Amino acid sequence: MLPVWLEAGLWGLVGGGALVLGAAVAWLARVPRWLVAAVMAFGSGVLLSALAFDLVDEAERTGGLAPTAVGFLGGAVAYVAVNAALAGRGARHRKRSGGQQPSEEDSRGSGAAIAVGALLDGVPESVVLGLSLLDGGVGVPVLMAVFISNVPEGLSSAAGMKRAGRGARYVFGVWGGIALACGLAALVGCLALQDAPPALVALITAVAAGAILAMIADTMIPEAFERAHVLTGLIATVGFLLAFTVERLG
């Protein structure tokens, strides 16, 4: 039987690997942008459900309302601050599949900013995935949410990178590195907090949850709405309902 921290790392790698899978699909096939948008909307709904019922609710029950609220808001503020700094360096449209992403010629240093931004998006999800194992087993709704949302994230962003003229070495180097970083984040999060007080685990979970919600609003929903338009809300609702059903039946 694997140590829990090593299992967390492997599950984090699985979640991060969905980014590589999405990038590979985008690189090898021409996926209609409306389909990318629809899957992005669905993934947003799944993530929102996991946030509400598996992360924030659990954090409040174990750590109390005040620490959860502070952590949740703090995670969102931290994400928005870093995201704003990266946006000014060319990473604003890192999840867009159209021609919005700048090339290196258009914005020098944008390639590095996009890579760091993608890492910023992936780490909070991996941390909460690793923390879910502290309750005795991987949280299936959280894992499902991370995997389902990561496939269209990788697909959409890689399609945009390809349109901006970035090569396969850059695209798969970025997503392969981020997949490894996701596994490491889950491993370190679980290892560092496996003997921590429940209140501290709840606070860290709330911080990550706040960052994830800010990420959904800032990067996933805009890409989904651009092509899915009025269907975005309905598709996201279906994703939310599916994840909620899995959580309740589990």
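Look up: the structure comes first, before these words.
Below, the structure is looked at part by part.

Analysis parameters
- Residues numbered from 1 in each chain as written.
- Predicted model: local features only at pLDDT ≥ 70, side-chain atom pairs only at ≥ 80, totals over all residues.
- Heavy atoms only, no water.
- Helix = DSSP H or I, 4+ residues; strand = E, 2+ residues; numbered from the N terminus.
- Buried < 20%, exposed > 50% of the residue type's maximum accessible area, 1.4 Å probe, protein only.
- Areas by Shrake-Rupley, 256 points an atom, 1.4 Å probe, with all protein chains shown as cover.
- Contact = heavy atoms within 4.5 Å.
- Phe/Tyr/Trp six-rings, centres within 6.5 Å; stacked < 30°, edge-to-face > 60°.
- Lys NZ or Arg CZ within 6 Å of the ring centre and 35° of its normal.
- Bend = angle between axes of the 7 residues up to and from the residue.
- Axes fitted to C-alpha atoms, helices over the stretch in contact; angles between N-to-C directions.
- Parallel < 35°, antiparallel > 145°, perpendicular 65-115°, else oblique.
- Left-handed = near helix turned anticlockwise from the far one by under 90°.
- Nonpolar A, V, L, I, M, F, W, Y, C, P; charged D, E, K, R; others polar.

1. Brief notes about the overall build of the chain
And step 1. Counting its regular elements, the chain contains 8 helices and 0 strands.
And step 2. Ordered by position from the N terminus, the helices and strands of the chain form the series α-α-α-α-α-α-α-α.
And step 3. Put simply, the chain has 250 residues, and 49% of those count as buried.
And step 4. On the chain, roughly 11000 Å² of surface is accessible, and the fraction owed to carbon and sulfur atoms is 71%.

2. A look at the side chain of serine 44
And step 1. Tracing the sequence through the fold places serine 44 in helix 2 (residues 33-63).
And step 2. Its relative accessible area of 0% is what places serine 44 among the buried residues.
And step 3. Sequence-distant contacts of serine 44, defined by excluding residues within four places in its chain, comprise Ile216, Met220 and Ile221.

3. Topic: the packing of aromatic side chains
Aromatic ring pairs are defined here through the distance separating the ring centres and the angle between the ring planes.
And step 1. Per the counting criterion, the structure on display carries 3 aromatic pairs.
And step 2. A centroid spacing of 5.8 Å and a plane angle of 65° characterise the contact between phenylalanine 53 and phenylalanine 240, whose relative ring orientation is edge-to-face. A residue pair is termed long-range when its members are at least 10 positions apart, and phenylalanine 53 in helix 2 and phenylalanine 240 in helix 8 (residues 232-249) qualify at 187 residues.
And step 3. Ring geometry for phenylalanine 53 versus phenylalanine 244: centroids 4.8 Å apart, planes at 50°, classification tilted. Here phenylalanine 53 is found in helix 2, whereas its partner phenylalanine 244 is found in helix 8, with 191 residues between them in sequence.
And step 4. By relative accessible area, phenylalanine 53 is classed as partly exposed at 26%.
And step 5. Overall, the relative accessible area of 25% leaves phenylalanine 244 in the partly exposed class.
And step 6. Three or more aromatic residues link up through ring pairs in this structure, and these residues are Phe53, Phe240 and Phe244.
And step 7. Sitting above the plane of the tryptophan 27 ring, lysine 162 keeps its charged end 5.0 Å from the centroid.

4. A look at helix 7 (residues 198-228)
And step 1. The largest bend in helix 7 amounts to roughly 40° and is located at isoleucine 216.
And step 2. Directly beyond the C-terminal end of helix 7, a positive phi value near 50° is found at histidine 229.

5. Some points on the packing of helix 2 against helix 7
And step 1. Two numbers describe how helix 2 lies on helix 7: the axes approach to 8 Å, and their chain directions differ by 160°. Between helix 2 and helix 7, the angle falls in the class roughly antiparallel. At the point where helix 2 passes helix 7, the crossing takes the left-handed sense.
And step 2. For the contact of helix 2 with helix 7, the residue count by class is 24 nonpolar, 5 polar and 4 charged.

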